[in-house]
Every structure is written in C-alpha cells, then in structure tokens.
Amino acid sequence: MFEIGSYMVYGTNGVCRVTDIGTSPFDKRDSRIYYVLKPLSGTGEAVIYTPVDNERVPMRPLLSRAETEAFLDRIPMIPKLLVAVEKMRREIYRAAMSAADPDAYISLIKTVRERRDEFSRTARRLPEFESEYDSMARRHLFTELSVVLGVPRSEIGEYIRERADIAAV
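The structure contained in this document is the topic of the report that follows. Fair warning: this is a prediction, and the values are worked out from it, not measured in the lab. (Residues numbered from 1 in each chain as written. Predicted model: local features only at pLDDT ≥ 70, side-chain atom pairs only at ≥ 80, totals over all residues. Heavy atoms only, no water.)

Some details on the sheet that holds strand β1 (residues 7–10)
Spatial ordering of the open sheet is given by β4-β3-β2-β1-β5, a layout of five strands whose pairing is antiparallel. Edge positions in the sheet fall to β4 (48–51) and β5 (59–61), since each of these pairs with one other strand and no more. When the angles between neighbouring strand axes are averaged without regard to direction, this sheet yields 45°. In terms of strand pairing, β1 meets β5 through three bridges, oriented antiparallel. (Pairing = 2+ DSSP bridges. Helix = DSSP H or I, 4+ residues; strand = E, 2+ residues; numbered from the N terminus. Axes fitted to C-alpha atoms, helices over the stretch in contact; angles between N-to-C directions.)

Some words on the packing of aromatic side chains
Working definition: an aromatic ring pair is given by the centre-to-centre distance plus the angle between the planes. Under the defined criterion, the tally for this structure stands at four aromatic pairs. Taking the centre distance of 5.8 Å and the plane angle of 70° together, the rings of Phe2 and Tyr35 count as edge-to-face. With a gap of 33 residues between them, Phe2 in the segment before β1 and Tyr35 in strand β3 (residues 33–39) connect regions that are remote in the sequence. The class for Phe2 is buried, based on a relative accessible area of 17%. Look at Tyr93 and Tyr133: their rings are 5.9 Å apart centre to centre, the planes differ by 70°, and that puts the pair in the edge-to-face class. Here Tyr93 is found in helix α2 (residues 89–98), whereas its partner Tyr133 is found in helix α4 (residues 128–149), with 40 residues between them in sequence. For Tyr93, a relative accessible area of 0% puts it in the buried group. For Tyr133, a relative accessible area of 12% translates into the label buried. An aromatic cluster is defined as three or more aromatic residues linked by ring pairs; in this entry it consists of Tyr93, Phe129 and Tyr133. When the ring centre of Phe129 is taken as origin, the NZ or CZ atom of Arg90, which lies over that ring, is 4.1 Å away. Arg124 extends its terminal NZ or CZ atom over the ring of Phe119, reaching a point 4.1 Å from the ring centre. (Phe/Tyr/Trp six-rings, centres within 6.5 Å; stacked < 30°, edge-to-face > 60°. Buried < 20%, exposed > 50% of the residue type's maximum accessible area, 1.4 Å probe, protein only. Lys NZ or Arg CZ within 6 Å of the ring centre and 35° of its normal.)

Written out as structure tokens, the structure reads:
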C-alpha cells in the first residue's frame, strides 16, 4: 500500500502523488479504501479517486535510484515496438502506454522516432496520433525520472541522451 505523500505510476495517467487515503467521497455505502491521487503531468486541479485494491489499472511504485541507473544502462538495448500489421499501430501504441512501464515508453519513443525520420525522408507528415503517443510516453517517462533523479523535467531528455549515449530520446 502506498502512503500519503508517496509517488506512484497510475496507468496512463503517469506519475501521481498520493494526497490522501480514505473512503469513497461519492458513495458512503462503499466500504473500500481509496487513494486520492494528483497527477504530476496533468494540468489544472485534476484529482483521481481509485480503490486501493484496483486491479484494472496498473499501479506501481516509481523506480528506485538503482533501478533507474540499470534502466538507463539498458536503453540502447530496448527494442522498438514490432508493428506487423499497420492497421494495428494505434492499438500497439495504446497497449505500450497502458503497460505503465519505462521499457514500453522507450520502445514507443524509439518507434516513433524511426517513423518520424522515415516520413521526413519521404516528405510525408507523421500521423498526429503517433506524435501524441510519443509526447505522452516522453511526459510519463521524463516525469518519473525527474522525480527519482532529482533532475528538472526540462533537463531529463538531455540527461538520458548523455547518460545512455543515444540519440533516440
């Protein structure tokens, strides 16, 4: 169980801070315990209420510092997403984001980067949904790494490029 003030990754919402734990504010008959979450990458005053025992949405603690260092070392070896059927591309991207996993974020980022380069060489425009998924993956990954490493979010992209010695992020 997460504690008030701790951080977690909550599904496609990315990094959230647990601001409270208590009963449902919507149904007094609901006896389940809820997390009250504040997404870090959201805008405005978004608040998420989710049962502590929610099994439908992935919830995980942030990577530890040691796990983050190992992850950064592994980035060059993380493969791009395999899209065998072009019509499934959007669903494959959605599944990668739903995994709420840093490796999946990197795979998606690498895939879109390669597609962006390919489309640029052929003077075509990358589909908007690919740019949106790329932005979401970067936002979630960079926010988590920023919190874990204590590096400003605006500097995380460069930090990853230097640390992992790659140009794909």
